[in-house]
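Residue strings, one per chain:
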Amino acid sequence: MAIDFEVKQTEFAKDLNQVLDGLEALLLAKNRKYGDSALNPAQTFSSASPIELINVRLDDKLSRIRNRQTDEDEDVEIDLIGYLILKQIAKHRITRKPT
């Protein structure tokens, strides 16, 4: 019984790493493409905080899902996870103590 648990944990760890590696690659590619605009917005038209702007993006994405207006080439679940990760990074930057 313990061996089955260890095998499942190992399989889970491998799957988790694969999914997280894919998310990391996606977020790094988008950060290169768009600059650090989600976490350091230009604030040309809006002075809202990065967290508030990410919340707007999440709302927009959820609205598009609710209204079934998604594009065939987008993975809305991955997009949502990506925005939620960006929000966690923004929160971390706020609470991080200066070194």
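Refer to the structure above for everything that follows.
Residues numbered from 1 in each chain as written. Predicted model: local features only at pLDDT ≥ 70, side-chain atom pairs only at ≥ 80, totals over all residues. Heavy atoms only, no water.

The next thing to look at is the nonpolar core. Among the nonpolar cores identified, the biggest contains 8 residues, and these are Ala38, Leu39, Ile51, Ile54, Leu58, Leu80, Leu86 and Ala90. If you list the elements that add at least two residues to this core, you get helix H2 (50-66) and helix H3 (76-95). With residues near it in sequence (within four places) discarded, leucine 39 still touches Pro50, Ile54, Leu86, Ile89, Ala90 and Arg93. (Core = buried A, V, L, I, M, F, W, Y, C linked by side-chain atoms within 4.5 Å. Buried < 20%, exposed > 50% of the residue type's maximum accessible area, 1.4 Å probe, protein only. Helix = DSSP H or I, 4+ residues; strand = E, 2+ residues; numbered from the N terminus. Contact = heavy atoms within 4.5 Å.)

Considered as a void within the structure, the largest pocket measures approximately 490 Å³ in volume. Lining the largest pocket we find 21 residues, and of these Leu27, Lys30, Asn31, Ala38 and Leu86 sit closest to its centre. For the lining of the largest pocket, the elements supplying multiple residues, two or more each, are helix H1 (2-34), H2 and H3. In terms of residue class, the lining of the largest pocket is made up of 10 nonpolar, 4 polar and 7 charged. (1 Å grid on protein atoms, 1.4 Å probe; cavity = no way out; pocket = protein on both sides within 12 Å on 5 of 7 lines; lining within 4 Å. Points joined across faces, edges and corners; volume = space filled by probe spheres on them. Nonpolar A, V, L, I, M, F, W, Y, C, P; charged D, E, K, R; others polar.)

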